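Each chain, written out:
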Amino acid sequence: MPEAVPEGDVLLSNADGSILAHGPDLLVCDCPGDGLDLAVRRVATFAMTASLVIVGIVAARAAPFPIVFIAAVWTAGATAALLFVRRRRRLHGRFRLDFERAEIVQEGRGFRRIFPVQAIARVSTPPALDADVDEPGLAPRWLLLHLSTGEQLRLGKAPAYALGPALAFLRRAGVEA
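As the structure is a computational prediction, the values presented were derived from the model and not from experiment.

Novice: Just to check I follow, could you spell out the pairing of strand 1 (residues 9-14) for this structure?
Specialist: A regular strand places its side chains so that they alternate between the two faces of the sheet. In the sheet, strand 1 pairs with strand 2 (residues 17-21) via five bridges, with the strands oriented antiparallel. Pairing of Val 10 across the sheet is with Leu 20, part of strand 2. Counting the residues in the hairpin turn of strand 1 and strand 2 gives two residues.

Below is the structure:
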């Protein structure tokens with residue numbers, strides 16, 4: 001079944017997500033950020049499986065015991081990468097900034113969080129670290145929402161000129177840039 005066409009004014013739509021304005025008081029941002037997540041999970045699964053195989057070979061006395069240290073390093077590396085991705089996942093998701101209800105709702109993979117709109121400290125557009133563009137005006141930037149708790153939420157990613165409509169919406173809603 002085809003996905004329903006979203007209603008509202010499209011402020012941003014690209015491969016990295018979308019930002020829709022549903023009236024003057026509601027902004028819906030979808031910034032999944034799944035590319036790195038999927039890659040790390042696959043590599044970590046391979047590393048954990050290979051570690052189990054190595055431990056099994058050592059347990060069967062078909063290999064010397066010091067090889068277990070390789071398995072331990074792979075397991076530690078995979079665990080650290082999975083924790084990094086889990087923390088990074090809290091930056092992404094589907095965001096519903098409802099200025100009428102005075103709440104921000106974040107829905108991500110396996111979690112849902114609600115923040116009061118009063119927790120918004122400011123918005124910024126820092127350059128994305130994976131920028132691979134020669135012209136500075138076309139380099140991708142993040143649309144970051146900074147909260148008073150110190151958390152950041154990634155609302156979208158695009159060149160600076162494409163983030164303009166979303167920034168204008170946030171300024172009209174009273175968010176500092």
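Novice: I would appreciate a short explanation of the sheet that holds strand 7 (residues 120-124) in the present structure.
Specialist: Across a sheet, paired strands are connected by hydrogen bonds in the backbone, their directions being either parallel or antiparallel. The antiparallel open sheet is built from three strands, whose spatial order is 7-8-9. At either end of the open sheet lies a strand with only one pairing partner, and these are strand 7 and strand 9 (152-159). Taken pair by pair, the neighbouring strands of this sheet meet at an average axis angle of 15 degrees, ignoring direction. Where helix 3 (residues 160-172) meets the sheet, its contacts fall on strand 7, strand 8 (140-147) and strand 9, and the angle it forms with strand 9 comes to roughly 135 degrees.

Novice: Can you walk me through the packing of aromatic side chains in this structure?
Specialist: Any two aromatic rings considered together are summarised by their centre-to-centre distance and by the angle between their planes. Here the structure, examined in full by the defined rule, presents two aromatic pairs. Where Phe 65 meets Phe 69, the ring centres are 6.2 Å apart and the plane angle is 80 degrees; that geometry is what we call edge-to-face. Taken individually, Phe 65 and Phe 69 each receive the classification exposed, so the pair is uniform in this respect. Summarising the aromatic geometry, the rings of Phe 99 and Phe 169 are spaced 6.4 Å apart at their centres and angled 50 degrees between planes, so their arrangement reads as tilted. You can see Phe 99 sitting in the loop between strand 4 (93-98) and strand 5 (103-108) and its partner Phe 169 sitting in helix 3, a full 70 residues away along the chain. The class of Phe 169 is buried, set by a relative accessible area of 4%.

Novice: Explanation requested: a nonpolar patch on the surface in the structure shown.
Specialist: A cluster of nonpolar residues, Ile 70, Val 73 and Trp 74, forms a patch on the protein surface that exposes about 290 Å² of accessible area. For Val 73, the location among the structural elements is in helix 2 (residues 68-89). Of the residues examined, Val 73 reaches a relative accessible area of 56% and is grouped as exposed.

Novice: Just to check I follow, could you spell out the pattern of salt bridges for this structure?
Specialist: According to the stated counting rule, one finds eight salt bridges in the structure shown. We note a salt bridge from Asp 37 to Arg 109, for which the minimum N-O separation is 3.0 Å. In this pair, Asp 37 is assigned in helix 1 (residues 35-59) and Arg 109 in the loop between strand 5 and strand 6 (111-116), connecting sequence segments 72 residues apart. Judged by its relative accessible area of 4%, Asp 37 falls in the buried class. For Arg 113, the salt bridge goes to Glu 151, with nearest N and O atoms at 2.6 Å. Linking Arg 113 in strand 6 with Glu 151 in the loop between strand 8 and strand 9, this pair joins segments that are 38 residues apart in sequence. Take Arg 113: its relative accessible area is 13%, and that puts it in the buried class. Judged by its relative accessible area of 27%, Glu 151 falls in the partly exposed class.

Thresholds, definitions, all that
What you see as residue numbers is a count from 1 along each chain, following the sequence as written. This being a predicted model, a pLDDT of at least 70 is required before a residue's local features are given, and a value of 80 or more before pairs of side-chain atoms are given or counted; all residues contribute to the totals for chains, interfaces and linings. With hydrogens and water excluded, all non-hydrogen atoms of the structure serve as input to the side-chain values. By this definition, two strands are paired if DSSP reports at least two bridges between them. Where helices and strands are cited, they refer to DSSP runs of H or I of at least four residues and of E of at least two residues respectively, numbered from the N terminus. Note on geometry: axes are C-alpha line fits, over the in-contact stretch for helices, and angles between N-to-C directions span 0 to 180 degrees. Residues are treated as being in contact if the distance between any of their heavy atoms lies within 4.5 Å. Two rings from Phe, Tyr or Trp (for Trp, the six-membered ring) form a pair when their centres are within 6.5 Å of each other. A pair whose planes differ by under 30 degrees is stacked, one over 60 is edge-to-face, and the rest are tilted. Only protein chains enter the area calculation, which uses a 1.4 Å probe; residues under 20% of their type maximum are buried, those over 50% are exposed, and those in between are partly exposed. Residues form patches when they are more than 30% accessible in relative terms and have no salt bridge. Like charges link within 9 Å. Nonpolar side chains (Val, Leu, Ile, Met, Phe, Trp, Tyr) link within 5 Å. Calculation of accessible area relied on Shrake-Rupley with a 1.4 Å probe; when residues are assessed, cover is drawn exclusively from the protein chains displayed. One side-chain nitrogen of Lys or Arg within 4 Å of one carboxyl oxygen of Asp or Glu is enough to make a salt bridge.

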